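Below, each chain spelled out in residue letters.
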Amino acid sequence: MRETKVVAQLAAAEANHADDPERVELLRRARRFKSSWVELAESLTRARRTGQWKAWGYDSFENYARRELHLKPETVDKLTGSFAFLAKSRPEVLARDGVSTPIPNYQAVDFLRRAEEENVPSDTLESLRRRVLDEGAPLPALNREFRDQVFPVDEDTLHQREVAGLRNVATRLRQLLAETRTVPRKLASEVSTTLDHLLEVLEDREEEAA
């Protein structure tokens, strides 16, 4: 439903700005973004470089992308970063037709781009390049296969993430139990007491790590 609404808004904006071909082309490419990220990334890169968004009434490129194209800043950065990476290191990938020779997903390319900046063993990096550029592996698969090797997490950081995750879940569950009528009040109270104890333990763990 969200995607349908955004597509409709983009189509309406195309009609509203029919007298500005460059603006309309960006909107059209944003609408086709799911299947054609390279086109959108190329136009975004050009628009950011030329500053054309100023003439369209926006105070920053980020606001233009977010409000008119419905793209988050981090998505724009991944798109333009992935495009620049391929244009510099593997321009032949950008020349693919996307049908007989598929173009890798921009998120996967961004994963490879960031990996290239790390101190990664050459055999691991070559394997990652093959999975992204030749096989078109999606980001979830890359995370499973390479994240621990390419972006290792130290024990302290992993501990902090686990504590934060448990705290968020426990806090949310406690709130739900306070509001629900589905669970018997006695049971909800007992579980809430246990969650209070869990939150105290997690708070102690965070203080010990500080």
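Throughout what follows, the structure given in this document is the object of discussion. (Residues numbered from 1 in each chain as written. Predicted model: local features only at pLDDT ≥ 70, side-chain atom pairs only at ≥ 80, totals over all residues. Heavy atoms only, no water.)

**A look at the overall build of the protein chain**
For clarity, the cut-off: Helix and strand definitions here come from DSSP, where helices need a minimum of 4 consecutive H or I residues and strands a minimum of 2 consecutive E residues; each element is numbered from the N-terminal end. All radius of gyration figures rest on C-alpha atoms, and the globule criterion is 2.2 Å times the number of residues raised to 0.38. In this scheme, a residue with accessible area under 20% of its type's maximum is buried, one over 50% is exposed, and one in between is partly exposed, where area comes from a 1.4 Å probe on protein chains only. Residue burial considers only the protein chains on display, and all accessible areas are found by Shrake-Rupley using a 1.4 Å probe. Charge counting treats Lys and Arg as positive and Asp and Glu as negative, with His and both chain ends excluded. By convention, the charge on Lys lies at NZ, on Arg at CZ, on Asp at CG and on Glu at CD.
Of regular secondary structure, the protein chain possesses eleven helices and zero strands. Order of helices (α) and strands (β) in the protein chain, N terminus to C terminus: α-α-α-α-α-α-α-α-α-α-α. Computed over its C-alpha atoms, the radius of gyration of the protein chain comes to 23 Å, more than 25% above the 17 Å expected for a compact globule of 210 residues. The buried share of the protein chain, taken over its 210 residues, is 34%. Surface summary for the protein chain: the accessible area is close to 13,200 Å², and the carbon and sulfur share equals 50%. Counting 34 positive and 38 negative side-chain charges, the protein chain places the centres of these two groups 6 Å from one another.

**Topic: helix α9 (residues 139-150)**
Here is the rule we go by: Expected span, for any helix, means 1.5 Å times one less than how many residues it has. Note: the arc covers the axis-to-C-beta directions of the helix. In this description, contact between two residues means that some pair of their heavy atoms is separated by no more than 4.5 Å.
Taking 1.5 Å as the rise per residue, α9 with twelve residues should run 16 Å; its terminal C-alpha atoms sit only 13 Å apart, a clear shortfall. Looking only at α9, the buried set comprises Ala-141, Leu-142, Phe-146 and Val-150. Across the axial projection of α9, the buried residues extend over an arc of 95°, all falling on one side. For α9, the exposed residues set more than 90 degrees away from the buried face come down to Arg-144 and Asp-148. Each element contacted by the buried residues of α9 is listed here: α7 (106-116) and α8 (122-134).

**Here's the deal with the environment of Ala-30**
Tracing the chain through its elements places Ala-30 in helix α2 (residues 21-31). Owing to a relative accessible area of 8%, Ala-30 belongs among the buried residues under this scheme. Excluding residues that lie within four positions of it along the chain, Ala-30 makes contacts with Leu-10, Leu-40 and Leu-69.

**Some details on helix α3 (residues 37-50)**
Compared with the 20 Å implied by 1.5 Å per residue over 14 residues, the 20 Å span of α3 between its first and last C-alpha is a close match. Buried within α3 are the following residues: Trp-37, Val-38, Leu-40, Ala-41, Ser-43, Leu-44 and Ala-47. Where α3 is buried, its residues touch α2, α4 (61-67), α5 (73-89), α6 (91-94) and α7. Looking one or two residues past α3, Gly-51 carries a phi angle of roughly 75°, positive in sign.

**A look at the pattern of salt bridges**
Selection rule: The term salt bridge refers to a side-chain nitrogen of Lys or Arg lying within 4 Å of a carboxyl oxygen of Asp or Glu.
The full count for this structure, using the stated rule, is 17 salt bridges. Between Glu-42 and Arg-29 there is a salt bridge, with its nearest N and O atoms 3.8 Å apart. One end of the pair, Glu-42, is in helix α3; the other, Arg-29, is in helix α2, with 13 residues separating them in the sequence. For Glu-42, a relative accessible area of 35% gives the class partly exposed. Under the relative-accessibility criterion, Arg-29 is labelled buried at 15%. Arg-48 is the partner of Asp-77 in a salt bridge, and the nearest nitrogen-oxygen pair spans 3.3 Å. With Asp-77 in helix α5 and Arg-48 in helix α3, this pair connects stretches of sequence that are 29 residues apart. The network of salt bridges with common partners includes Glu-14, Glu-25, Arg-28, Arg-29 and Glu-42.

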